[in-house]
Amino acid sequence: MSQPKRSSSEKSSRKAPAVVDVEAPGDAALPVKATPVAPEPEPDEEEADEEAEVLGETEPATDAELDLIEAEIGTTPPGTPTAAPVTALVRRDPMGQYMAEVRRHPLLTREEEHALAVRWVEQGDAEAAKQLVTSNLRLVVKIAHEYKRAYQNLLDLVQEGNVGLIQAVKKFDPYRGVKLSTYSGWWIRAYILKFILNNWRLVKIGTTQNQRKLFFNLRKQVDRLKQAGVDPTPERIAAALDVSEAEVIEMDRRLSAPDMSLDAPLSSGDEDDGRTRMDIIEDSSDDPEVEVESTEFKDILHAKLRRFGATLSGRELEIFRDRIVADEPITLQELGDRWGVSRERARQLEKRMVLRLREFLQAELGDAVQIALGHDT
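Residues numbered from 1 in each chain as written. Predicted model: local features only at pLDDT ≥ 70, side-chain atom pairs only at ≥ 80, totals over all residues. Heavy atoms only, no water.

### Points about the overall build of the protein chain
- When its secondary structure is counted, the protein chain shows 16 helices and 0 strands.
- Within the protein chain, the fraction of its 377 residues that count as buried is 36%.
- By sequence separation, contacts in the protein chain at least 24 residues apart represent 66% of the contacts at least 6 residues apart. (Helix = DSSP H or I, 4+ residues; strand = E, 2+ residues; numbered from the N terminus. Buried < 20%, exposed > 50% of the residue type's maximum accessible area, 1.4 Å probe, protein only. Contact = heavy atoms within 4.5 Å.)

### So, the packing of aromatic side chains
- Taken as a whole, this structure holds 5 aromatic pairs when the rule is applied.
- Connected via pairs of aromatic rings, a cluster forms that spans Phe172, Tyr183, Trp186 and Trp187. (Phe/Tyr/Trp six-rings, centres within 6.5 Å; stacked < 30°, edge-to-face > 60°.)

### Section: a negative patch on the surface
- Residues Asp286, Asp287, Glu289, Glu291, Glu293, Glu296 and Asp299 make up a contiguous surface patch of negative charge.
- Within the fold, Glu293 resides in helix H13 (residues 288-309).
- Owing to a relative accessible area of 55%, Glu293 belongs among the exposed residues under this scheme. (Patch = residues over 30% accessible without salt bridge, like charges linked within 9 Å, V, L, I, M, F, W, Y side chains within 5 Å. Areas by Shrake-Rupley, 256 points an atom, 1.4 Å probe, with all protein chains shown as cover. Salt bridge = Lys/Arg side-chain N within 4 Å of Asp/Glu carboxyl O. Lys, Arg positive; Asp, Glu negative; His and termini not counted. Charge placed at Lys NZ, Arg CZ, Asp CG, Glu CD.)

### Focus: the pattern of salt bridges
- Scanning the model with the defined rule gives 16 salt bridges in all.
- The partner of Arg321 in a salt bridge is Asp322, with the nearest N and O atoms 3.3 Å apart.
- Connected via shared salt-bridge partners are Glu318, Arg321, Asp322 and Arg338.

### Let's talk about helix H6 (residues 126-134)
- When we look at burial in H6, the residues that qualify are Ala128, Ala129, Leu132, Val133 and Thr134.
- Among the residues of H6, the N-terminal cap falls to Asp125, whose side-chain oxygen and the backbone nitrogen of Glu127 are separated by 3.0 Å. (Polar contact = N/O pair within 3.5 Å; in protein donor to acceptor, adjacent residues only side chain to side chain.)

### Structural notes on the nonpolar core
- Counting residues in each nonpolar core, the largest one holds 52 residues, and the members touching the most others are Val141, Val158, Val169, Ile192 and Leu218.
- Ranked by residues supplied to this core, first place goes to helix H9 (residues 180-199) with 10 residues.
- Contacts of Val169, omitting those with residues within four sequence positions, involve Trp120, Ala129, Leu132, Val133 and Leu180.
- Judged by nonpolar contacts, the second largest core, of 18 residues, contains Leu312, Ile324, Ile330 and Leu332. (Core = buried A, V, L, I, M, F, W, Y, C linked by side-chain atoms within 4.5 Å.)

### Here we look at the packing of helix H14 (residues 314-324) against helix H16 (residues 343-365)
- Interhelical geometry of H14 versus H16 gives an angle of 85° and a closest axis separation of 10 Å. In terms of their interaxial angle, H14 and H16 are classed as roughly perpendicular. Across the interface between the two elements, Arg315, Glu316, Ile319, Phe320, Arg323 and Ile324 of H14 pack against Leu349, Glu350, Arg352, Met353, Val354, Arg356 and Leu357 of H16.
- Looking at side-chain class alone, the contact of H14 with H16 contains 7 nonpolar, no polar and 6 charged residues. (Axes fitted to C-alpha atoms, helices over the stretch in contact; angles between N-to-C directions. Parallel < 35°, antiparallel > 145°, perpendicular 65-115°, else oblique. Nonpolar A, V, L, I, M, F, W, Y, C, P; charged D, E, K, R; others polar.)

### Some thoughts on the packing of helix H15 (residues 332-339) against H16
- Packing of H15 against H16 brings their axes to within 8 Å, and their N-to-C directions diverge by 105°. By the angle between their directions, the pair H15 and H16 is classed as roughly perpendicular. Counting all contacts with H15, which are made through Leu332, Gln333, Leu335, Gly336 and Trp339, the residues of H16 involved are Arg343, Ala346, Arg347, Leu349 and Glu350.
- When the residues that make up the contact of H15 with H16 are grouped by side-chain class, the tally is 5 nonpolar, 2 polar and 3 charged.

### Focus: a nonpolar patch on the surface
- Among the surface-exposed residues, Leu262, Leu266, Met278, Ile280 and Ile281 lie close enough to one another that they form a single nonpolar patch of about 440 Å² accessible area.
- Residue position: Ile281 is located in the loop between helix H12 (245-256) and H13.

### Examining the environment of Ile73
- For Ile73, the position within the fold is in helix H3 (residues 63-73).
- Separated by 81 residues in the primary sequence, Ile73 and Leu154 place their C-alpha atoms 8.7 Å from one another.
- In this view, Ile73 contacts Met95, His145 and Leu154; residues no more than four positions away in its chain are not counted.

### Things to note about the environment of His114
- With respect to the secondary-structure elements, His114 resides in helix H5 (residues 110-123).
- Between the alpha carbons of His114 and Leu132 there is a distance of 9.6 Å; along the sequence they are 18 residues apart.

### Quick look at the environment of Thr134
- Tracing the backbone shows Thr134 in helix H6.
- In this structure the C-alpha to C-alpha distance between Thr134 and His105, which are 29 residues apart in sequence, comes to 6.2 Å.

### Side note on the side chain of Glu122
- Looking at the element boundaries, Glu122 is found in helix H5.
- Accessibility expressed as a relative area gives 19% for Glu122, which makes it buried.
- Looking at Glu122, its side chain comes within polar contact range of the side chain of Tyr175, at 2.9 Å.

### Examining H5
- The terminal C-alpha atoms of H5 lie 20 Å apart, and with 14 residues this matches the ideal 20 Å at 1.5 Å per residue to within 8%.
- Among all positions of H5, only Glu113, Leu116, Ala117, Trp120, Val121 and Glu122 are buried.
- Once H5 ends, the next one or two residues include Gly124, with phi positive near 65°. (Expected span 1.5 Å × (residues − 1).)

### Let's talk about unusual backbone geometry
- With a phi close to 60°, Asp242 is a non-glycine residue in the positive phi region.
- On the secondary structure map, Asp242 appears in the loop between helix H11 (234-241) and H12.

Here it is as structure tokens:
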């Protein structure tokens, strides 16, 4: 990795990601402190003190904490005697091997971390950046373990968290007075959350900001309303989470129902009639006859407009070309400036030409055809 030198103004402008609090669907709690989204404004002294108190909680896992994680996930801590294998084939434990590798990298003191970060920021020292990453691999394991109920493959979460750690090192500012472990914790959690969201189902269920908000907070808000003795209706949930009622209903359906194949048969066994779920899904597209009719009318209308345009000249032709049929119409003020007249005079000229166009189209296509013309700008 390489990093150009930054000026003092750039150093002072670094902002930390915004703080959020989300929860995984169901009973998989995701206590997230922050994700790298939009920059926050500079806090005052009181806010900075509160922020520092919160940020100080994020620390890499100690050897004792790694032992507890390994015991919980069923890996064998280093140095534990194992029985001789009964066959030549030995079961490989990738997570256990990774945990042993993580232990090889010692934690850094605050002074060592700051010195390495300064070398990376000021000189682009790739070796310093590497040490910053490897010394915080324990932190990734610790944070990934918090999400084990939301996603069972811990190694996948660790891998995504490592990507977030690398991004944090790239953007870390040692002059802000925040520890790298605290700052990178935001990025690690953000990448893990994004991975869980994208891989929760075979079909991605959260593609917009509101959908992501509902994915992590819908069940949480339902529980809150129930504990308060309030019926958790979609209307109340939508008001609490600042989303639409339709989005609440849609996300509840997505989280409640499992993935289903559209090619799966509707019946099984001897009663199978060959029909699939695709056969009973309503087609929301327009009627083919309506689409053909609309296409034909558009072709006829374009032909009529070309005929009408051929009869114009001068200012009327400019209005027709740059205002009526243009994909990006210019304003009346721009027309007036072009001709050296007022905006009101340009509007009068346009109105006169539009009346001619209406009369032409009514004569060609009939009074039943209603077409909106002109742009009141």
